[in-house]
Amino acid sequence: MFDFRHSIAARLVLAYGLLVSISVAAVSAVFYFGTIGVLQQNIDAKIVEISRREMLAYGDQPIPLLAQEITRQLNDSVDSDTEIFLLLSPSGQRIAGNLDSWPTLVAGRLLTRQVTRNGKVVLARVYARWLNNHSLLIVGRDLDEEMLMGQLVARALAIGALIAFLLIASGAMLLRQQIERRIGEIRHTVMEIEAGDLSQRIPVSGTDEFGRLNTDINRMLDRIEQLMEGVRHVSNAIAHDLRTPLSRIRTRLEAAVRAEMEVEGFCFAANAAIQDIDDLMLVFEKLLQIAEAESGVRSTSFESVDLDRIARDMVELYDAEAEARGIALRVFPVQSHAVPGLGDRNLLANALASLIDNAIKYNQSGGWVEVRALSAGHELRLEVRDNGAGIPQAELPKVTTRFYRVDQSRNLPGNGLGLSIVSAIASLHGGQLVLSNTDNGFMAVIVLPV
Amino acid sequence: MKRCLVIEDELNASQFICQALQRAEYEAVPCHNGLDGVRLALEGHWDIVILDRMLPGQMDGLSVLARLRANNDHTPVLILSALGSTDERVRGLRSGGDDYLSKPFALDELLARVEALLRRPLTASSPVLQVADLVLDTRHQRVTRAGQTIALQPREFRLLEYLMRHAGQVVTRTMLLESVWDYHFDPQTNVIDVQMSRLRTKVDKDFSLALIQTVRGVGYLFSASDQHV
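What counts as what
- Residues numbered from 1 in each chain as written.
- Chains lettered and ligands numbered in written order.
- Predicted model: local features only at pLDDT ≥ 70, side-chain atom pairs only at ≥ 80, totals over all residues.
- Heavy atoms only, no water.
- Helix = DSSP H or I, 4+ residues; strand = E, 2+ residues; numbered from the N terminus.
- Buried < 20%, exposed > 50% of the residue type's maximum accessible area, 1.4 Å probe, protein only.
- Areas by Shrake-Rupley, 256 points an atom, 1.4 Å probe, with all protein chains shown as cover.
- Contact = heavy atoms within 4.5 Å.
- Phe/Tyr/Trp six-rings, centres within 6.5 Å; stacked < 30°, edge-to-face > 60°.
- Lys NZ or Arg CZ within 6 Å of the ring centre and 35° of its normal.
- Core = buried A, V, L, I, M, F, W, Y, C linked by side-chain atoms within 4.5 Å.
- Pairing = 2+ DSSP bridges.
- Axes fitted to C-alpha atoms, helices over the stretch in contact; angles between N-to-C directions.
- Salt bridge = Lys/Arg side-chain N within 4 Å of Asp/Glu carboxyl O.
- Buried area = accessible area lost by both parts, 1.4 Å probe.
- Polar contact = N/O pair within 3.5 Å; in protein donor to acceptor, adjacent residues only side chain to side chain.
- Nonpolar A, V, L, I, M, F, W, Y, C, P; charged D, E, K, R; others polar.

> It is not clear to me how the overall build of chain A should be interpreted in this structure. Could you clarify?
When helices and strands are counted, chain A shows 8 helices and 13 strands. When the 450 residues of chain A are sorted by exposure, 40% land in the buried category. Summed over its atoms, the accessible surface of chain A is roughly 25400 Å², and 59% of this surface lies on carbon and sulfur atoms.

Structural data, given as structure tokens:
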């Protein structure tokens, strides 16, 4: 049932069972010696005390006096069913007492021996002592009662231990079943995913360790699915965005060759092809840039940068563009103030330029775009706000996907890579791109760690 | 005639570059590996070296560059590279390169940069620049044309100063972004064109002679004569 090499549940149960068994044994031992042991000590003390008392009272008296005393003790109805007395003459003959036979004894030592008392063989605790009148006085106690009590206690403990063991065993089974069941859920899902169904998730029941583990695994699966989706999307987009211009170039050149055009016509075809190729190279370049930023190998060129300086420079780069489109482009605060950070100046400028470009491009004439760099607590922010229409809330999470374009923007120039690059640059810096619709427009923030 | 040494292992590319240089009336000498490159560069007198970053054999572009600089050869070097990232660019420039152009590039861009490098010693900073009736005074941050003051924003002033220092020479959009804004990235929109058109409005609008000319597909030319277009 339990395979210890291949089951952590079995190993856990074994270790746990051992631990509980040892605890039970320890408790039993303490209890046993605390009761029976103390009882024994009391008996011993009492035997020695009686023996001493008799010695003091009769040790120097003639032997018959002591014999008389012993006979009296045996018949006084006190402890008469357990007490043992025996007086031996110097030659070893019984003078008085209630033992019919006795073993060889060593004087001065408490011993547990078999004796015959009133015709019954019993186990007894006995103590022998030489008296001054040369008789040997043996005082003792029949241990039958104590043994009975010891047996009683031992049996009680044994029953307790048995119950404990049964509880441990059933607990172990239960634990093992629980673990098997919870792991079974995970394995089942994993197998289905392995078979190709990436939409499977592990059922999350409760918030215990397995519940939390399952939540974590599910989150990881979400991320993987999202990435796979992204890859699929990119492949489709590449197929479309790269193949279309390529076939256009090819057709155009082929047509030019077929038609045996004049030089002018060739030039026109060639120029158009060059333009298409330049556009293609741009897309290619951007994809590379994203891949590079996402792989996170660029941090060698990180240096101290002033985000406020970058914000002001980019505003100065786009001021003419904004002016031409009738949009007020402003940088805040009016006075420059250093916002020091660590990063790649050109990449950050590139990212901010993309955001400003978008804000201007998607705004109406008469609108405004505000740029600011600020340090807020433990983060640095490059903010671009505008009062344009923003992005439909449902589209927000998707706009950083490569080649993704919001429907309304399809007629505007662009390749759907801008925000992907900004996002990749932000993550390269250990930060993120946060997009949100505001009360009066839209806000894009590159949030960087300090 | 200016002499150009083109160290580039890819035969097609080398041929195109040399032809383009020759059409622009330079003398261009091709060379296909690093060792020959260093030998030729050190033996002859060159006005500029165009150096591919990745070369076969034990000497790559940056080693060639290091060898030249170690031999106290300060000929301007324009590095060509398929490694276009900022890191690579910074490394190229720190190793002693004077300019860095990532592949693929437009031949016009290459020619504009070659010209800029060759002209560089001539553009020593004189405080007052004048082209035709346009005067730019860097000490007082003032621009006048035919005696009339033209109000420019600080960045427009730097843009105009750069154009005037490179008068008669084609400058590309990336060159402007690199020199005037001091950033290196491809804005991939016409943001520089819009800047130029605003500057042009301020500088040329009320005058018959247009000083700022657009060179189609390449960039801009600041010139007092119309012949370059």
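What follows picks up the thread again.
> Looking at this structure, how should I read the overall build of chain B?
Looking only at helices and strands, one finds 8 helices and 12 strands in chain B. When the 229 residues of chain B are sorted by exposure, 50% land in the buried category. Long-range pairs, those at least 24 residues apart, make up 58% of the contacts in chain B with a sequence separation of at least 6.

> So what exactly am I meant to see when it comes to the packing of aromatic side chains here?
Remark: the centre distance and the inter-plane angle together describe each pair of aromatic rings, the angle taken between the planes. By the definition in use, this model includes 2 aromatic pairs over all chains. Relative to Phe33(A), the ring of Tyr32(A) lies with its centre 5.5 Å away and its plane at 85°, an arrangement referred to as edge-to-face. Summarising the aromatic geometry, the rings of Tyr183(B) and Phe185(B) are spaced 6.4 Å apart at their centres and angled 65° between planes, so their arrangement reads as edge-to-face. A relative accessible area of 1% means that Tyr183(B) is categorised as buried. Residue Phe185(B) is classed as buried on the basis of its relative accessible area of 7%. Between the NZ or CZ atom of Arg345(A) and the centre of the ring of Tyr183(B), over which it lies, the distance is 4.1 Å. For Arg3(B), the ring lying beneath its charged end belongs to Trp46(B), and the centroid distance is 4.2 Å.

> Explanation requested: helix 7 (residues 173–181) of chain B in the structure shown.
Those residues of helix 7 of chain B that fall on the buried side of the exposure criterion are Met175(B), Leu176(B), Leu177(B), Glu178(B), Val180(B) and Trp181(B). Backbone geometry just downstream of helix 7 of chain B places Asp182(B) in the positive-phi region, at approximately 65°.

> Help me understand the nonpolar core, please; the structure alone is not making it clear to me.
The nonpolar side chains of a soluble globular protein tend to be buried with one another. In terms of nonpolar packing, the biggest core is built from 90 residues, with Leu307(A), Met314(A), Ile356(A), Leu160(B) and Leu176(B) touching the most fellow members. It is helix 7 (residues 345–361) of chain A that contributes the most residues to this core, 10 residues altogether. Each residue touching Leu160(B), except ones within four places of it in the same chain, is listed here: Leu134(B), Leu136(B), Val143(B), Leu152(B), Leu199(B), Val203(B) and Phe222(B).

> How should the environment of Ala273(A) be read in this particular structure?
All names here are of chain A. On the secondary structure map, Ala273 appears in helix 5 (residues 263–295). The exposure class of Ala273 is buried, given its relative accessible area of 5%. The spatial distance from the C-alpha of Ala273 to the C-alpha of Ile249 is 5.3 Å, given a sequence separation of 24 residues. Once residues lying within four places of it in the same chain are set aside, the contact partners of Ala273 are Ile249, Arg252 and Leu253.

> Mind showing me how you'd approach the sheet that holds strand 4 (residues 77–81) of chain B here?
Remark on secondary structure: sheet strands pair via backbone hydrogen bonds, oriented parallel or antiparallel. Residues and elements named next belong to chain B. Judged by pairing direction, the sheet is parallel, and its 5 strands sit side by side in the order 2-1-3-4-5 without closing on themselves. The outermost strands of the open sheet, each flanked by one partner alone, are strand 2 (27–31) and strand 5 (99–102). When strand polarity is set aside, the average angle formed by the axes of neighbouring strands in this sheet is 20°. Here 5 bridges tie strand 1 (residues 3–7) to strand 2, and the two strands are oriented parallel to one another. For Val6, the partnering residue across the bridge sits in strand 2 and is Pro30.

> Would you explain the pattern of salt bridges in this entry?
All names here are of chain A. Applying the stated criterion to the full structure yields 48 salt bridges over all chains. Arg182 is the partner of Glu185 in a salt bridge, and the nearest nitrogen-oxygen pair spans 3.9 Å. One end of the pair is Glu185 and the other is Arg182, both in helix 3 (residues 144–194) and 3 residues apart, which spans about a single turn. You can call Glu185 buried: its relative accessible area is 19%. By relative accessible area, which is 6% here, Arg182 ends up buried.

> What exactly am I supposed to notice about the interface of chain A and chain B here?
A common way to state how big an interface is: give the accessible area lost once the parts meet. Between chain A and chain B, the residue contacts involve 27 residues of the former and 21 residues of the latter. Counting each side, the surface lost to burial between chain A and chain B is near 2200 Å², with a carbon and sulfur contribution of 50%. Considering only the side of chain A, the residues that lose the most area to chain B are Glu316(A), Leu317(A) and Asn346(A), jointly responsible for 25% of the buried surface there. Applying the counting criterion to the chain A and chain B interface returns 5 salt bridges. For Asp313(A), the salt bridge goes to Arg155(B), with nearest N and O atoms at 2.6 Å. At the boundary of chain A with chain B, the tally comes to 10 residue pairs in polar contact (both at pLDDT 80 or more). Looking at the side of chain A that touches chain B, the elements that each hand over two or more residues are helix 5, helix 6 (307–324) and helix 7 of chain A. By residue number, the principal contributor to the side of chain A that touches chain B is helix 6 of chain A, which donates 12 residues. Looking at the side of chain A that touches chain B, its residues break down into 11 nonpolar, 4 polar and 12 charged.

> Mind showing me how you'd approach the sheet that holds strand 12 (residues 219–222) of chain B here?
Residues and elements named next belong to chain B. Strands sit in the order 10-12-11 across an open sheet of 3 strands; the sheet is antiparallel. One side of each edge strand has no neighbouring strand; the edge strands of this open sheet are strand 10 (170–172) and strand 11 (212–215). For this sheet, the mean inter-axis angle between neighbouring strands, taken without regard to orientation, is 35°. Set on the sheet, helix 8 (residues 191–204) makes contact with strand 11 and strand 12; between it and strand 11 the angle comes to about 150°.

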